[in-house]
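A closer look at the structure
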Amino acid sequence: PPAPAPFIAAPLRDVAAWTAAFDAREIPVLSATANTVEDLRSNEDAVDAHLLADGMQSDPLMTLKLLRHVAQLRRGRGQADAETAVEALVMLGITPFFRDFGPQPTVEDALASQPQALLGLRQVLRRAHRAARFALGFAVHRGDHDATLIHEAALLHDFAELLLWAHAPALALEIARRQQADAALRSADTQRQVLHTDLASLQQALMAQWRLPELLVRISDDHASHNPQVRNVQLAVRVARHSARGWDNPALPDDVDEIAALLNLGTTPTLHLLHDLGS
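Notes on the structure follow. This one's a predicted model, so the numbers in the text were calculated from it and none came from an experiment. (Residues numbered from 1 in each chain as written. Predicted model: local features only at pLDDT ≥ 70, side-chain atom pairs only at ≥ 80, totals over all residues. Heavy atoms only, no water.)

1. Points about the packing of aromatic side chains
Which entries qualify depends on this criterion: Pairing of aromatic side chains here covers Phe, Tyr and the six-membered ring of Trp, requires ring centres within 6.5 Å, and sorts the geometry by plane angle: under 30 degrees stacked, over 60 edge-to-face, intermediate tilted. Numbering goes from the N terminus for both helices and strands, where a helix is a DSSP run of H or I of at least four residues and a strand is a run of E of at least two. The classification of residues rests on relative accessible area computed with a 1.4 Å probe and restricted to protein chains. Under 20% of the type maximum is buried, over 50% is exposed, and intermediate values are partly exposed.
The full count for this structure, using the stated rule, is 6 aromatic pairs. Their ring planes at 25° and their centres at 6.2 Å tell us that Phe134 and Phe138 sit as a pair that is stacked. Of the two residues, Phe134 and Phe138 are both situated in helix 8 (residues 115-142); the distance of 4 residues between them amounts to about one turn of the helix. Pair check on accessibility: Phe134 and Phe138 agree, each one buried. A centroid spacing of 6.5 Å and a plane angle of 85° characterise the contact between Phe134 and Trp247, whose relative ring orientation is edge-to-face. Highlighted residues: Phe134 in helix 8 and Trp247 in the loop between helix 15 (228-242) and helix 16 (252-263), separated in sequence by 113 residues. Feature note: the residues Phe97, Phe98 and Phe101 constitute an aromatic cluster, connected by ring pairs.

As C-alpha cells, then:
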C-alpha cells in the first residue's frame, strides 16, 4: 500500500475543511481484517459475499470503506443503495472487490509510533462492538426486519471519532485529556474547542459527501429520536458508553427505563437482557 499521508497536527478551519481532508485520505482498516482479506484473496473461487462480509463485520472502518466505494461507483445511476456490507459486495462482485481492494493499510501500522492513540482508537472500537450487540439484541426483540442494518448503524455510529484517532491522533488525545481533566465538559463542546467543529456534524457531512445509504444516515441521525429504529441505535450507543466501566454509572437507571419502554419489557427483564448482551 502507498505510504499514508502525514497526520493532521493542527485544527482545520471548519467542518468543510475537515470533510475535505478526510475525503482525500485512504481509510485504514484493522490488521485482522487486512489479513482476512489476503487469506480469502488466495482462494477467491471459494469466496462469496456472505463469507467476505463475515470477515469484515467487526471492523467499522472496512465496512465504511466498502460502502463508500460502492456508493461512489453507483453515483448518478439512479439505482437503489447498498444498505449493508453483504448488499454492497453482491452489487460490486467478488472479483471486482479483490481488484479494487488490494493489500490494505492498517491502523496498527499507521499508529505504530502513537501507542496512546492506538489505545484510544481501540477503546472506541470496543464501545462500538458493545453498542452493535445491544442494538442487534434490541432489534431482534422488537422483531425489526432491518436488524442487520441497525447492527451496522450502531457499529458505525462513531466512525468520525475512529477517523480522528487514525488521522489526527494528537488532536484526539487533546480532546481526551481535556475531558479527563474535567468530567463536566460536554463532548461536543470540547470537540468544538479543539477541532473547530464537533464530530457529529463532521460525521453527517462525511455521510452526505460519501453518499452513504439513506436508511443508514437516517438511523444515525440522533435528532430523529421519534423513529423507533433511531431510538434503538441511540439507546444501544448510550448504554454501551455508560456501562463501559461497569454497571454502576448513575446514568444507567434512566437508560434502563427508556430501553424497557422501547422493548415493552419490565425493568428486571430489561436488566437481565442488558447483562446478557453486554457480557
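Still more to cover.
2. Regarding the layout of surface pockets
Applied cut-off: In this analysis the probe radius is 1.4 Å and the grid spacing 1 Å, with only protein atoms considered; a cavity is a set of points the probe fits into but cannot get out of, a pocket is an open set with protein on both sides within 12 Å along at least five of seven lines, and lining residues have an atom within 4 Å of a point. Grid points are joined across faces, edges and corners, and a volume is the space filled by probe spheres set on the points. The classification used treats Ala, Val, Leu, Ile, Met, Phe, Trp, Tyr, Cys and Pro as nonpolar, Asp, Glu, Lys and Arg as charged, and all other residues, Gly among them, as polar.
In this structure, the largest pocket spans a volume of roughly 2000 Å³. Residue lining of the largest pocket: 49 residues in total, with Arg127, Glu161, Gln179, Ser187 and Arg241 positioned closest to the centre. The dominant element in the lining of the largest pocket, judged by the number of residues it contributes, is helix 8, at 8 residues. Across the lining of the largest pocket, the residue classes tally to 17 nonpolar, 17 polar and 15 charged.

3. Comments concerning the environment of Gln116
What counts here: Between two residues, a contact is recorded if the distance between any of their heavy atoms is within 4.5 Å.
By the element assignment, Gln116 lies in helix 8. Residue Gln116 is classed as exposed on the basis of its relative accessible area, which comes to 52%. Considering only alpha carbons, one finds Gln116 and Thr33, 83 residues apart in sequence, at a separation of 21 Å. Leave out the neighbours within four places in its chain, and Gln116 touches Trp165 and Leu173.

4. Describing empty space enclosed by the protein
On inspection of all chains with the given rule, the structure shows 1 cavity of 30 Å³ or more. In this structure, the largest cavity spans a volume of roughly 40 Å³. Every residue along the wall of the largest cavity is listed here: Arg127, Ala128, Ala131, Ala154, Leu155, His157, Asp158 and Val237. Partitioned by chemical class, the residues of the lining of the largest cavity number 5 nonpolar, 1 polar and 2 charged.

5. Here we look at the nonpolar core
The line we're drawing: Here, nonpolar core refers to any group of buried Ala, Val, Leu, Ile, Met, Phe, Trp, Tyr and Cys residues whose side-chain atoms link them within 4.5 Å.
One finds Leu66 and Phe97 to be the most contacted residues of the largest nonpolar core, which totals 86 residues. Of all the elements, helix 8 adds the most residues to this core, at 12 residues. Excluding anything up to four places from it in sequence, Leu66 contacts Met56, Ala85, Ala88, Leu89, Leu92, Phe97 and Phe101.

6. Thoughts on the packing of helix 8 against helix 10 (residues 159-167)
As a reminder, the rule being used: Axis definition: a line fitted to C-alpha atoms, over the contacting stretch in the case of helices. Angles run 0 to 180 degrees between N-to-C directions. For this classification, under 35 degrees means roughly parallel, over 145 means roughly antiparallel, 65 to 115 means roughly perpendicular, and everything else is oblique. A clockwise turn of the near helix away from the far one marks a right-handed crossing, whereas an anticlockwise turn of less than a right angle marks a left-handed crossing.
Where helix 8 meets helix 10, the axes come as close as 9 Å, and the angle between the chain directions of the two elements is 165°. Judged by the inter-axis angle, helix 8 sits roughly antiparallel to helix 10. When the axes of helix 8 and helix 10 are compared, the crossing they make is left-handed. The residues of helix 10 that touch helix 8, namely those facing Gln116, Ala117, Gly120, Leu121, Val124, Leu125 and Arg127, are Glu161, Leu162, Trp165 and Ala166. When its residues are assigned to classes, the contact of helix 8 with helix 10 shows 7 nonpolar, 2 polar and 2 charged.

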